[in-house]
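Close look at the chain arrangement
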Amino acid sequence: MPPGWDPSSGPPAATAVPAADPPTSAPLAALRANVSKRLKEAGIKKLRAGEALVGGGGTVRTLAKLVRKASGAPSLRLHGYAIEQERLNELTRILVSQP
C-alpha cells in the first residue's frame, strides 16, 4: 500500500506503488479490516456453518480459476463452482507471499 494510504478511504489509486512487496503484516491487517468494514456496511454478516457466500464477476472467476489450477483440475467450466473456505485461505496465503 502506498505510504500514508488510509485503508478506510477505499482502494489506493491504480498508480500507487506498494510500500512493501510482498506486503507486510500491517498493510494486510488494514486491508482485512477495510474489507470486513465494507462487508458489514453492505449488510453481509459473518457466515455460519453450512452457509455460503455467492459471487460472480471477474474477481470471483479469477479466484475459482486459481483454486482449480492449484488442484490440477482444468478451469474450463466454472458455473456453479464452489470454493471451500480452507482453499480460499490457502490461496490468500500464497498470493500475499508473492512479490
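Scroll up a little and you will see the structure.
Read on for an overview of the structure. (Residues numbered from 1 in each chain as written. Predicted model: local features only at pLDDT ≥ 70, side-chain atom pairs only at ≥ 80, totals over all residues. Heavy atoms only, no water.)

Helix and strand content of the protein: three helices and zero strands. Listing every helix and strand of the protein by position from the N terminus yields α-α-α. Residues counted as buried form 11% of the 99 residues belonging to the protein. Nonlocal contacts in the protein, meaning residues at least 24 apart in sequence, comprise 43% of its contacts between residues at least 6 apart. (Helix = DSSP H or I, 4+ residues; strand = E, 2+ residues; numbered from the N terminus. Buried < 20%, exposed > 50% of the residue type's maximum accessible area, 1.4 Å probe, protein only. Contact = heavy atoms within 4.5 Å.)

A few words on a nonpolar patch on the surface. Together, Leu31, Val35, Leu39, Ile44, Leu47 and Leu53 make up an exposed nonpolar region whose accessible area comes to about 470 Å². Looking at the secondary structure, you find Ile44 in the loop between helix 1 (25–41) and helix 2 (58–70). (Patch = residues over 30% accessible without salt bridge, like charges linked within 9 Å, V, L, I, M, F, W, Y side chains within 5 Å. Areas by Shrake-Rupley, 256 points an atom, 1.4 Å probe, with all protein chains shown as cover. Salt bridge = Lys/Arg side-chain N within 4 Å of Asp/Glu carboxyl O.)

In this fold, Arg61 is placed in helix 2. Each C-alpha atom, one on Arg61 and one on Tyr81, is 9.3 Å from the other, the two residues being 20 residues apart in sequence.

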